[in-house]
Amino acid sequence: MTMGTRENQWQGTHFVHFTRMPPSRRYTPATARVQVPQYDPDSKHQVWPYGMYTVDMTTGFHQMDDMILQATYQQEELFKHVFGVTFVKATYHQNRKAWQTTNLDVLVEHESAGRTPTGLWSRYLAARREALGEQSKKSSRARSGRAK
């Protein structure tokens, strides 16, 4: 295996030894893809973050906030590496805000539930809304006459 070429370079009064790495061997920070359900491409309702777990969303958001990863990747590209699905800016920011502005007890409870029904991101969002005294999405749609 070739690790790179060792070179000497004259620095005025002495030689400096360094190793030149080929472009393919340069360091690129790694991401860890979080577990994402398989989505039905024909379904309008099965899109990210449908079926996601709070523990995976939290892991993904932490990676999205990592300064080194942000310096390496554009947001859309980083999202694709982390979540493995198409980036939708408004949906991402809406969910990230729900993660950032929360009752920490509710977040910890749903993260700790792991990949169980209680750990579903949708359950976390509902519990978060209740803890913060916000209306549920369904009740606000019903009041505005858009209930199905």
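This text gives an overview of the structure that appears in the document. Predicted, not measured: the structure shown is a model, and the values here were computed from it. (Residues numbered from 1 in each chain as written. Predicted model: local features only at pLDDT ≥ 70, side-chain atom pairs only at ≥ 80, totals over all residues. Heavy atoms only, no water.)

## Some words on the layout of surface pockets
Here the second largest pocket defines a volume of roughly 240 Å³. In terms of lining, the second largest pocket is formed by 16 residues, of which the most central are V47, W48, V85, T86 and V88. Where the lining of the second largest pocket is concerned, the elements lending two or more residues are α3 (75-83) and α4 (89-100). Grouping the amino acids of the lining of the second largest pocket by side-chain chemistry returns nine nonpolar, five polar and two charged. (1 Å grid on protein atoms, 1.4 Å probe; cavity = no way out; pocket = protein on both sides within 12 Å on 5 of 7 lines; lining within 4 Å. Points joined across faces, edges and corners; volume = space filled by probe spheres on them. Helix = DSSP H or I, 4+ residues; strand = E, 2+ residues; numbered from the N terminus. Nonpolar A, V, L, I, M, F, W, Y, C, P; charged D, E, K, R; others polar.)

## Remarks on unusual backbone geometry
With an omega of 10 degrees, the peptide bond between W48 and P49 qualifies as cis. Note on placement: P49 falls in the loop between β2 (15-20) and α1 (54-65).

## Remarks on helix α5 (residues 104-112)
For α5, the complete set of buried residues consists of V106, L107 and H110. Within α5, the buried residues cover an arc of 100 degrees as seen down the axis, which keeps them to one side. In α5, those exposed residues whose orientation departs by more than 90 degrees from the buried face are L104, D105 and S112. One or two residues past the end of α5 sits G114, with phi positive at roughly 60 degrees. (Buried < 20%, exposed > 50% of the residue type's maximum accessible area, 1.4 Å probe, protein only. Arc of directions from axis to C-beta.)

## Digging into the nonpolar core
In summary, soluble globular proteins display a tendency toward joint burial of nonpolar side chains. Among the nonpolar cores identified, the biggest contains 23 residues, and W48, M52, F79, F83 and W121 are the most heavily contacted of them. Contributions of two or more residues to this core are made by α1, α3, α4, α5 and α6 (121-131). Of the residues forming this core, the biggest block, four residues, is contributed by α3. Non-local contacts of W48, meaning those with residues more than four positions away in its chain, are made with Y39, M57, F61, F79, F83, V85, T91, Y92 and N95. (Core = buried A, V, L, I, M, F, W, Y, C linked by side-chain atoms within 4.5 Å. Contact = heavy atoms within 4.5 Å.)

## Side note on the packing of α5 against α6
When two helices pack together, their arrangement is given by the angle between their axes and by how far apart the axes lie. Look at α5 against α6: their axes get within 9 Å of each other, and the N-to-C directions meet at 160 degrees. The angle between the axes of α5 and α6 places the two elements in the roughly antiparallel class. Along this stretch, α5 crosses α6, giving a crossing that reads as right-handed. Here V106, L107 and H110 of α5 come into contact with α6, specifically with R123, Y124, A127, R128 and A131. Of the residues belonging to the contact of α5 with α6, the class tally is five nonpolar, one polar and two charged. (Axes fitted to C-alpha atoms, helices over the stretch in contact; angles between N-to-C directions. Parallel < 35°, antiparallel > 145°, perpendicular 65-115°, else oblique. Left-handed = near helix turned anticlockwise from the far one by under 90°.)

By themselves, these figures tell us nothing about what the structure is for.
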